[in-house]
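# Inside the fold
The residues making up each chain are set out below.
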Amino acid sequence: TLQQSLKAGVFHLDAELTYQKSSNQEVLPLPDLNVYANMYVKFKIANVLNTELGADVRYFTSYYAPDYSPALGQFYQQNPGDKVEIGNYPIVNVYANLHLKNCRIYVGVNHVNANAGHAFWAPHYAINPLTFRFGLSWNFFN
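These remarks concern the structure in this document. Keep in mind the model is a prediction, meaning the values are calculated, not measured. (Residues numbered from 1 in each chain as written. Predicted model: local features only at pLDDT ≥ 70, side-chain atom pairs only at ≥ 80, totals over all residues. Heavy atoms only, no water.)

With that out of the way, let us pick up the pattern of salt bridges. Inspection of every chain in the model, using the stated rule, returns 2 salt bridges. Here Asp32 makes a salt bridge to Lys21, at a shortest N to O gap of 3.5 Å. Placement of the pair is Asp32 in the loop between strand 2 (11–19) and strand 3 (33–45) and Lys21 in the loop between strand 2 and strand 3, with a sequence separation of 11 residues. For Lys21, a relative accessible area of 55% gives the class exposed. (Salt bridge = Lys/Arg side-chain N within 4 Å of Asp/Glu carboxyl O. Helix = DSSP H or I, 4+ residues; strand = E, 2+ residues; numbered from the N terminus. Buried < 20%, exposed > 50% of the residue type's maximum accessible area, 1.4 Å probe, protein only.)

The following block contains the structure:
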């Protein structure tokens, strides 16, 4: 795993790259490459509102992941006759974090590229479609 954080003025990049290789893909299937990158700008508005605007991307190479059984609540090896390959698809999220004294606000849109293809975290279990998220935290003390 390689990790790197870069900063140039208000621009930031946090990245992580993981290479892994299973000696037996039938017993322990793993994607060869996992990539995570978070790109954002961080600045203050009127010297009081801390603002962070950015996007993050997750990607892993295609592989035959273990299937999931809700009845058992466990993962299991896929049937060799009808294996399903997942991966080779980026998941992109955009967000805004705002912080003013005791108040924090989060606004985000997850999986903004939902219409670009079929994305699965596990065989037959699709990633949630485009989702809007909002959060508010207010501390009522000084």
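Moving on from the coordinates now.
Mapping Ser69 onto the fold places it in strand 5 (residues 67–69). Residue contacts for Ser69: discarding those within four places in its chain leaves Gln74 and Tyr76. (Contact = heavy atoms within 4.5 Å.)

Attention shifts here to the packing of aromatic side chains. Summed over the entire model, instances satisfying the criterion amount to 5 aromatic pairs. Judged by centre distance (5.9 Å) and plane angle (70°), the rings of Phe60 and Tyr63 are edge-to-face. For Tyr63, a relative accessible area of 15% gives the class buried. An angle of 80° between the planes, with centres 5.8 Å apart, marks the rings of Tyr68 and Tyr125 as edge-to-face. (Phe/Tyr/Trp six-rings, centres within 6.5 Å; stacked < 30°, edge-to-face > 60°.)

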